[in-house]
Protein chains: 2
Amino acid sequence: MNIIITNSSGLPIFEQIENSIKQAIFSNELKEGDMLPSVRSLANELKISFLTVKRAYDELEKSGFIKTIQGKGSYVAPKNLDLIKEEKLKEIQSYIEKIYEISKLSNIPKEEVNELFKMIFEEEL
Amino acid sequence: MNIIITNSSGLPIFEQIENSIKQAIFSNELKEGDMLPSVRSLANELKISFLTVKRAYDELEKSGFIKTIQGKGSYVAPKNLDLIKEEKLKEIQSYIEKIYEISKLSNIPKEEVNELFKMIFEEEL
DNA sequence: TCATCTGTTATATTTAGATTATAACACTTT
DNA sequence: AAAGTGTTATAATCTAAATATAACAGATGA
């Protein structure tokens, strides 16, 4: 699993960890039942406090992505990813609708919006 | 002018004020040359420090929406269409960035997002 | 000129969230 | 028992946002 922490992202560390792990789950790199690195080992690896890793894991557990058992470790929880993706798609759709409204109201041509879209989505090299 | 501050928005107060005033300018509720409430009166009204209001006004001046004159007050700057378009583009950009984050996180391919985009923008026929 | 608006500046403090360090504790496995 | 897991409590640091306070400066009208 590839967890990268940057100070330039603006996001707090615990949230960056959260996102990395969610991403790994969505991409199926982490599957149902897989064990996550222990809070201490991941903390050592990233050279941060184990409390920060714990916080990330706590959030992930709250939102149902993982299950933690004292003395054993943290495991990827069963989840209906298709259902979640469906929700995420709806969320994306509502944002696009907002964009559509703004562009219509302010006379911003579709092409210009498309340029922005390409720019932001291409930077993912 | 309706400036509402909430602690639940996550946005700092000075930014909420900024946004409210931008919105009032966009909706023409505040017109070119209109005087804004004085930093102290708005601070009293909102029960916050005048320094926080000043910060909001400073930001608005930096981005060209208002003009402040010592001893007189702050006034809505002459309407600048480029500025408005620039602002709307920024808004659109921030939505696209949100979309990018969601799609990256939940492993939704760019193409799928693009399909949605096309669908919503084509229906304008 | 004076009072009273307006904005400006400087200093110190408070607050909240994120993060850390440390130590002690509890459960699981071998 | 040892060594791995997670848990909890406490105190400290750091940063951005926000505050309190006081003093200063320009504009305006009585």
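Residues numbered from 1 in each chain as written. Chains lettered and ligands numbered in written order. Predicted model: local features only at pLDDT ≥ 70, side-chain atom pairs only at ≥ 80, totals over all residues. Heavy atoms only, no water.

Caption draft 1: Representation of helix α4 (residues 81-105) of chain B within the structure. Taking 1.5 Å as the rise per residue, α4 of chain B with 25 residues should run 36 Å; its terminal C-alpha atoms sit 36 Å apart, in good agreement. Looking at α4 of chain B, one finds that the buried residues are E87, K88, L89, I92, Y95, I96, I99, Y100, I102, S103 and L105 of chain B. Those residues of α4 of chain B hidden inside the fold are in contact with α1 (13-26), α4 (81-105) and α5 (110-122) of chain A together with α1 (13-26) and α5 (110-122) of chain B. (Helix = DSSP H or I, 4+ residues; strand = E, 2+ residues; numbered from the N terminus. Expected span 1.5 Å × (residues − 1). Buried < 20%, exposed > 50% of the residue type's maximum accessible area, 1.4 Å probe, protein only. Contact = heavy atoms within 4.5 Å.)

Caption draft 2: Just the protein's contact with DNA strand C, in detail. Surrounding DNA strand C, one finds 25 residues, the nearest of these being I13, F14, T52 and R55 of chain A together with K54 of chain B. The contact atoms of DNA strand C, taken as those within 4 Å of the protein, divide so that sugar and phosphate hold 66%. One of the backbone N or O atoms of I13 of chain A is found 2.2 Å from a phosphate oxygen in DNA strand C. A distance of 3.4 Å separates a phosphate oxygen of DNA strand C from a polar atom in the backbone of F14 of chain A. Taken together, the elements giving at least two residues each to the surface near DNA strand C come down to α1 and α3 (50-62) of chain A together with α2 (39-46), α3 (50-62) and β1 (66-69) of chain B. Ranked by residue count, the leading element in the surface near DNA strand C is α3 of chain A, at four residues. Here the surface near DNA strand C is composed, by residue class, of 10 nonpolar, nine polar and six charged. (Near = heavy atom within 4 Å. Polar contact = N/O pair within 3.5 Å; in protein donor to acceptor, adjacent residues only side chain to side chain. Nonpolar A, V, L, I, M, F, W, Y, C, P; charged D, E, K, R; others polar.)

Caption draft 3: Molecular detail of the protein's contact with DNA strand D. Of all residues adjacent to DNA strand D, which total 25 residues, the nearest are R40 and K54 of chain A together with I13, F14 and T52 of chain B. Put simply, 63% of the atoms of DNA strand D that lie within 4 Å of the protein are in sugar or phosphate. Residue G71 of chain A places a main-chain N or O atom 3.2 Å away from a base nitrogen belonging to DNA strand D. Listed by contribution, the elements that provide at least two residues to the surface near DNA strand D are α2 (39-46), α3 and β1 (66-69) of chain A together with α1 and α3 of chain B. In terms of residue count, α3 of chain B provides more of the surface near DNA strand D than any other element does, four residues in total. Counted by class, the surface near DNA strand D contains 10 nonpolar, nine polar and six charged residues.

Caption draft 4: Representation of α2 of chain B within the structure. All names here are of chain B. Buried within α2 are the following residues: L42, A43 and L46. The arc enclosing the buried residues of α2, seen along the axis, measures out at 105°, which places them on a common side. Facing away from the buried surface of α2 by more than 90 degrees, the exposed residues are R40, N44 and E45. Against the buried residues of α2 lie α1 and α3. K47 occupies a position one or two residues after α2 and carries a positive phi of about 55°. (Arc of directions from axis to C-beta.)

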